[in-house]
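Here is what each chain is made of, one letter per residue.
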Amino acid sequence: MSNTSPIRFSFFGSSRFSVLILDELERAGILPISVITTPDKPQGRHLTLTPTLVKSWAVQRNIPVHDPEILDSSFAEKIATEQAQVFVVASYGKIIPASIINIPPRKTLNIHPSLLPIFRGASPLQSAILHDTKDTGITLMRIDEKMDHGPIVAQEKIHVAEWPTYDVLEKEMAEKGAQLLIRTLPQWINGSISEQEQDHVAATFTKKIVKEDGLVDLTGNAYSNFLKIQAFHTWPQAYFFHEHAGKKIRVKITEASYSHSVLHITRVIPEGSKEISYEDFQRGYSLLS
RNA sequence: CGCGGGGUAGAGCAACGGUAGCUCGUCAGGCUCAUAACCUGAAGAUUGUCGGUUCGAUUCCGGCCCCCGCAA
């Protein structure tokens, strides 16, 4: 990579989406000077304190990591000494106060996987799937004080032919997002690109997904169920309840397909068991007549 | 020590203190124009692992390994 004047930027992110973007940037030979992520949290079956994916990623590459609990003035001072030209945010998980987004001379950009002002908020990708919005895209915007409200710097439309599972869509969007950033960042830094106010009237908002959203009614609409299964593939996963041996168990649907108005479930994880094929599930859990 | 479920023939499940049964699959034969359908028969399990209790454990107890659900 012949990068004569590398851009100094810090990266804010915490989730898998963030890491996918970092991966793509790295492939282009672009690395942040530091990474800011959320603090380690108890995770997994034994509630062991686990760092975010982004923290692990940065540690492996010897990139300085900050994981402040609160983004207060002392953190602002610390981060200011790093002299970044711009901050880049992707799925950070916390609201970043104005006192911090305005630190770098070229402010703070956010990669958001939807065509803003559509699908502002916490779950743009899941919402696109659930609403069957196949003409979607990614937006590079400058962060202001309100959630996903700032002016648009660049946008790329993406058409989805058929809905993949969430993780696949996420990866695609992250890669496209990173590429958009790579193309746009130099112009943004030298000021040759102008930002565009969002059409706030047209804005729609997405909610944070909760566990209960994953419950599906298998007697309901096959296509909506399919969309749910795809959208919630990573978390919380679409599930239904089944009575077995006098106990009510939760059964997660991990794989399904849809064709000719029919939903075909192919893989499930019954509670307390491992992942099995739906046929095995029907046999083993006395569902077959 | 966050809570809980589970590890039994290739797969999914059942049972029981006295060497284990069902469905599917597999193999052989039959039926059929034919078939993933049907009929008959067969093969296939040291019941996760180590130790303990017992006349005897797969079934009871304890340690270990592995898997999963909740929670986060």
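Calculation criteria
- Residues numbered from 1 in each chain as written.
- Chains lettered and ligands numbered in written order.
- Predicted model: local features only at pLDDT ≥ 70, side-chain atom pairs only at ≥ 80, totals over all residues.
- Heavy atoms only, no water.
- Near = heavy atom within 4 Å.
- Helix = DSSP H or I, 4+ residues; strand = E, 2+ residues; numbered from the N terminus.
- Nonpolar A, V, L, I, M, F, W, Y, C, P; charged D, E, K, R; others polar.
- Pairing = 2+ DSSP bridges.
- Contact = heavy atoms within 4.5 Å.
- Axes fitted to C-alpha atoms, helices over the stretch in contact; angles between N-to-C directions.
- Buried < 20%, exposed > 50% of the residue type's maximum accessible area, 1.4 Å probe, protein only.
- Domains from an automatic or database assignment.
- Buried area = accessible area lost by both parts, 1.4 Å probe.
- Polar contact = N/O pair within 3.5 Å; in protein donor to acceptor, adjacent residues only side chain to side chain.
- Phe/Tyr/Trp six-rings, centres within 6.5 Å; stacked < 30°, edge-to-face > 60°.
- Lys NZ or Arg CZ within 6 Å of the ring centre and 35° of its normal.

Caption draft 1: Local environment of the protein's contact with RNA strand B. Looking at RNA strand B, there are 23 residues lining it, with Arg45, Lys211, Ser273, Lys274 and Asp280 nearest. Among the atoms of RNA strand B close to the protein, meaning within 4 Å, 65% are from sugar or phosphate groups. Elements with a minimum of two residues in the surface near RNA strand B: strand 3 (41-43), strand 13 (247-259), strand 14 (262-270) and helix 8 (278-284). Looking at the surface near RNA strand B residue by residue, the class counts come to seven nonpolar, seven polar and nine charged.

Caption draft 2: Main features of the sheet that holds strand 15 (residues 276-277). With antiparallel pairing, the four strands of this open sheet are ordered in space as 12-13-14-15. Whereas interior strands pair on both sides, the edge strands pair on one side only; in this sheet they are strand 12 (238-244) and strand 15. As paired elements, strand 12 and strand 13 share seven bridges and run antiparallel to each other. Within strand 13, the position partnered with Tyr239 by the bridge is Lys252. Lying over the sheet, helix 7 (residues 222-231) contacts strand 12, strand 13 and strand 14, oriented at roughly 100° with respect to strand 13.

Caption draft 3: Looking closely at helix 7. Most of helix 7 is tucked away: seven of the ten residues are buried. In this structure, the buried residues of helix 7 make contact with helix 5 (124-130), helix 6 (166-190), strand 12, strand 13 and strand 14.

Caption draft 4: Here's a closer look at the domain arrangement of chain A. Examined at the domain level, chain A breaks down into domain 1 (9-202) and domain 2 (211-284). One C-alpha centre belongs to domain 1, the other to domain 2; they are set 32 Å apart. Counting residues at the interface gives ten residues for domain 1 and nine residues for domain 2. Summing both partners gives a buried area of about 840 Å² for domain 1 against domain 2, and 65% of it is carried by carbon and sulfur. Among the residues domain 1 hides against domain 2, the three largest losses belong to Leu130, Thr165 and Tyr166. Together they make up 46% of the total. On the surface where domain 1 and domain 2 come into contact, there are four residue pairs in polar contact (both at pLDDT 80 or more).

Caption draft 5: The arrangement of the pairing of strand 14 in detail. Summarising the sheet, strand 13 and strand 14 pair through eight bridges and their orientation is antiparallel. Along strand 14, the bridge assignment pairs Ser257 with His264. Between strand 13 and strand 14, which pair antiparallel one after the other, the connecting turn spans two residues, and His260 there sits at a positive phi close to 50°. Sheet analysis places strand 14 next to strand 15, joined by two bridges and oriented antiparallel. Residue pairing across strands places Arg267 opposite Ser277, the latter belonging to strand 15.

Caption draft 6: Spotlight on the packing of aromatic side chains. One pass over the structure, following the stated rule, counts nine aromatic pairs. Seen from their ring centres, Phe12 and Phe87 are 5.1 Å apart, and the 55° between their planes marks the pair as tilted. Of this pair, Phe12 sits in strand 1 (residues 9-13) while Phe87 is found in strand 6 (residues 86-90), placing the two residues 75 residues apart along the sequence. Residues Phe12 and Phe87 agree in their burial class; the two are buried. An aromatic cluster is defined as three or more aromatic residues linked by ring pairs; in this entry it consists of Phe240, Tyr278, Phe281 and Tyr285. The ring of Tyr239 has Arg250 sitting right over it, with the charged end atom 4.3 Å from the ring centre.

Caption draft 7: Here's a closer look at unusual backbone geometry. Backbone torsion omega between Leu116 and Pro117 reads 15°, so that peptide bond is classified as cis. Counting through the fold element by element, Pro117 comes out in the loop between strand 7 (108-112) and strand 8 (120-121). At Leu47, a position not held by glycine, the phi torsion is positive, near 50°. Residue placement: Leu47 occurs in the loop between strand 3 and strand 4 (48-50).

Caption draft 8: Structural view of the sheet that holds strand 9 (residues 135-142). Ordered by their spatial adjacency, seven strands build an open sheet running 5-2-1-6-7-9-10, and the pairing between neighbours is mixed. Edge positions in the sheet fall to strand 5 (65-66) and strand 10 (152-159), since each of these pairs with one other strand and no more. Examined bridge by bridge, strand 1 and strand 2 (residues 34-36) share three bridges and lie parallel to one another. The partner of Phe11 across the bridge, within strand 2, is Val35. Against the sheet, helix 1 (residues 16-27) engages strand 1, strand 6 and strand 7, with an angle of about 150° to strand 1.

Caption draft 9: A look at the side chain of Ser127. The residue Ser127 is located in helix 5 in this model. A distance of 2.7 Å separates a polar atom in the side chain of Ser127 from the backbone oxygen of Ser123. Ignoring any residue separated from it by four or fewer positions in sequence, one finds Ser127 in contact with Phe119 and Thr206.

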